[in-house]
Amino acid sequence: METTGAGSAGTAVVTGASSGIGTRYAERLAEAGWNLVLVARRAQRLEELAGRLRQTAGVAVETLVADLALPEDLTRTAERVAAEDVALLVNNAGINGYGYFTEVDPVLLTRVLNVNVTALTVLSRAAVPGMLKRGRGAVVNVASRLAFAGSLPPGPLPRRAVYGGTKGYVVTFTRTLAAELADTPLRIQVLCPGLTATEFHLTTGEESVAGMEQQVHAEGGMPVDEVVAASLAALERGEVVCVPGLEDADEALDRLVAAEVGMRGMPGADRR
């Protein structure tokens, strides 16, 4: 997916572009010559980023201020994603809603599902048919290593039943979609970062982190640039699952697939 001429690769849509992983995707893609559509709730941050990338990279950058938990905003975003110029969709937007399941406000949990599951699915559905028709395109869905943490005790990790469940969906959805599209030119990836040095843990998702300056939560984590660089390199190689920092990721994935094959081989497994 590399390019050298400004705008020659087409247009990339990046959701959750106002901070952290989304901002770094936008920067790296602009450097590689992609025109951009930046989607997030924070208009001021989007405009600052767009202006900077127009100046430094010489690419066209649109901003789309949208709250993907709201049906009307999701519809507007899906319409833009379905446009003919879009050749890459990065579904990075996500919120955590951390807390004990019995104590978290159901309204917040619904919001987590709307952003992490519904929006990602709807935008992927908006993107893929046109990409198939044009014979080129890629979708990157950002999940989390917490997708694989269901059996672990909650401490010292935050209480995360719904968040972890949504990221498990993203992994399964993306891998299955990639299998459906295996004989096409499209590239489909799920990115599963571990703890990353962003402001993600500074809010549960009810409100965005205030201010123009990007922050980093106290826990720190892998530098954002390393996470995004791993994703883009894996996309170039056509890898479906990218887990930055994991040693021998291929071997770990082989074990996962073997376990799945074993479970599917059980009597009645294919009927459920």
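The rules behind the values
- Residues numbered from 1 in each chain as written.
- Predicted model: local features only at pLDDT ≥ 70, side-chain atom pairs only at ≥ 80, totals over all residues.
- Heavy atoms only, no water.
- Helix = DSSP H or I, 4+ residues; strand = E, 2+ residues; numbered from the N terminus.
- Buried < 20%, exposed > 50% of the residue type's maximum accessible area, 1.4 Å probe, protein only.
- Contact = heavy atoms within 4.5 Å.
- Areas by Shrake-Rupley, 256 points an atom, 1.4 Å probe, with all protein chains shown as cover.
- Axes fitted to C-alpha atoms, helices over the stretch in contact; angles between N-to-C directions.
- Parallel < 35°, antiparallel > 145°, perpendicular 65-115°, else oblique.
- Left-handed = near helix turned anticlockwise from the far one by under 90°.
- Pairing = 2+ DSSP bridges.
- Core = buried A, V, L, I, M, F, W, Y, C linked by side-chain atoms within 4.5 Å.
- pLDDT = per-residue confidence, 0-100.
- Disulfide = S-S within 2.5 Å.
- 1 Å grid on protein atoms, 1.4 Å probe; cavity = no way out; pocket = protein on both sides within 12 Å on 5 of 7 lines; lining within 4 Å.
- Points joined across faces, edges and corners; volume = space filled by probe spheres on them.
- Expected span 1.5 Å × (residues − 1).
- Arc of directions from axis to C-beta.

Visitor: Would you take a moment to explain the overall build of the protein for this structure?
Guide: In terms of helices and strands, the protein carries seven helices and seven strands. Listing every helix and strand of the protein by position from the N terminus yields β-α-β-α-β-α-β-α-β-α-β-α-β-α. Taking all 272 residues of the protein together, the buried fraction comes to 46%. Within the protein, counting contacts between residues at least 6 apart in sequence, those at least 24 apart form 71% of the total. Put simply, the protein shows about 13,200 Å² of open surface, and 55% of that area lies on carbon and sulfur atoms.

Visitor: What exactly am I supposed to notice about the environment of Leu191 here?
Guide: Counting through the fold element by element, Leu191 comes out in strand 6 (residues 187-191). Sequence spacing of Leu191 and Ala230 is 39 residues, and the spatial spacing of their C-alpha atoms is 8.9 Å. Residues in contact with Leu191, not counting those within four places in the same chain, are Tyr25, Asn141, Val142, Ala143, Ser144, Val227, Ser231, Cys242 and Pro244.

Visitor: Would you mind going over the packing of helix 3 (residues 71-81) against helix 4 (residues 106-134) with me for this structure?
Guide: When two helices pack together, their arrangement is captured by the angle between the axes and the distance separating the axes. Between helix 3 and helix 4, the shortest axis-to-axis distance is 8 Å and the interhelical angle comes to 30°. Of the possible angle classes, the one that applies to helix 3 and helix 4 is roughly parallel. Two packed elements cross with a definite hand, and for helix 3 against helix 4 that hand is right-handed. Facing helix 3, whose interface residues are Leu74, Thr77, Ala78 and Val81, helix 4 presents Thr118, Ala119, Val122, Leu123, Ala126 and Ala127.

Visitor: Can you help me understand the sheet that holds strand 2 (residues 35-40) in this one?
Guide: Hydrogen bonding along the main chain pairs the strands of a sheet, whether they run parallel or antiparallel. Here seven strands make up an open sheet; going across it, the order is 3-2-1-4-5-6-7 and the pairing parallel. With partners counted over all chains shown, the strands left at the sheet margins are strand 3 (61-65) and strand 7 (241-242), one partner each. Where strand 2 meets strand 3, five bridges bridge the pair, whose relative direction is parallel. The partner of Ala40 across the bridge, within strand 3, is Val65. Against the sheet, helix 2 (residues 43-57) contacts strand 2 and strand 3, and its axis sits at roughly 175° relative to strand 3.

Visitor: Can you walk me through the nonpolar core in this structure?
Guide: The tendency in soluble globular proteins is for nonpolar side chains to be buried as a group. One finds Tyr25, Leu29, Trp34, Leu36, Leu38 and Leu88 to be the most contacted residues of the largest nonpolar core, which totals 34 residues. Those elements that provide at least two residues to this core are strand 1 (11-15), helix 1 (20-31), strand 2, helix 2, strand 4 (86-91), strand 5 (138-142) and helix 6 (224-237). The biggest single contributor to this core is helix 6, with six residues. For Leu36, the residues in contact, after removing those within four places along its chain, are Thr11, Ala12, Ala26, Leu29, Ala30, Leu53, Ala60, Val61 and Glu62. Residues Leu108, Leu123, Val128 and Leu177 belong to the second largest nonpolar core, which totals 32 residues.

Visitor: Looking at this model, I keep getting lost on the confidence of the model for the protein. Mind explaining?
Guide: Close inspection of predicted coordinates is inappropriate in any region flagged by low pLDDT. Per-residue confidence for the protein gives a mean pLDDT of 88, with 82% of residues at or over 70. Across residues 2-7 the pLDDT falls below 50, and counting only partners more than four positions away or on other chains, this stretch makes 17 contacts in the model.

Visitor: Please clarify how the state of the cysteines should be interpreted in this entry.
Guide: Working definition: the covalent bond between the sulfur atoms of two cysteines is a disulfide. All chains considered together, the criterion is met by zero disulfides. Here Cys192 is not disulfide-linked; the sulfur of Cys242 is the nearest cysteine sulfur, at 8.0 Å. What makes Cys192 buried here is its relative accessible area of 0%. The exposure class assigned to Cys242 is buried, which follows from its relative accessible area of 5%.

Visitor: Explanation requested: empty space enclosed by the protein in the structure shown.
Guide: Empty space among the atoms becomes visible once a probe the size of a water molecule is rolled across them. In this structure the tally under the stated criterion is two cavities of 30 Å³ or more. Approximately 50 Å³ is the volume attributed to the largest cavity. In this structure, the largest cavity is lined by Asn96, Gly97, Gly99, Phe101, Val104, Leu109, Val112, Arg159, Arg160, Ala161, Val162 and Tyr163. Broken down by element, the lining of the largest cavity gets its largest block of residues, three residues, from helix 5 (residues 161-180).

Visitor: Where do I start with helix 2 in this structure?
Guide: In an α-helix there are 3.6 residues to a turn, and that puts residues three or four apart on one side. Given a rise of 1.5 Å per residue, 15 residues ought to cover 21 Å, and the 21 Å separating the end C-alpha atoms of helix 2 matches this to within 8%. Among the residues of helix 2, those classed as buried are Arg45, Leu46, Leu49, Ala50 and Leu53. The arc enclosing the buried residues of helix 2, seen along the axis, measures out at 130°, which places them on a common side. Along helix 2, exposed side chains directed more than 90 degrees from the buried face belong to Gln44 and Gln55. Against the buried residues of helix 2 lie helix 1, strand 2 and strand 3.

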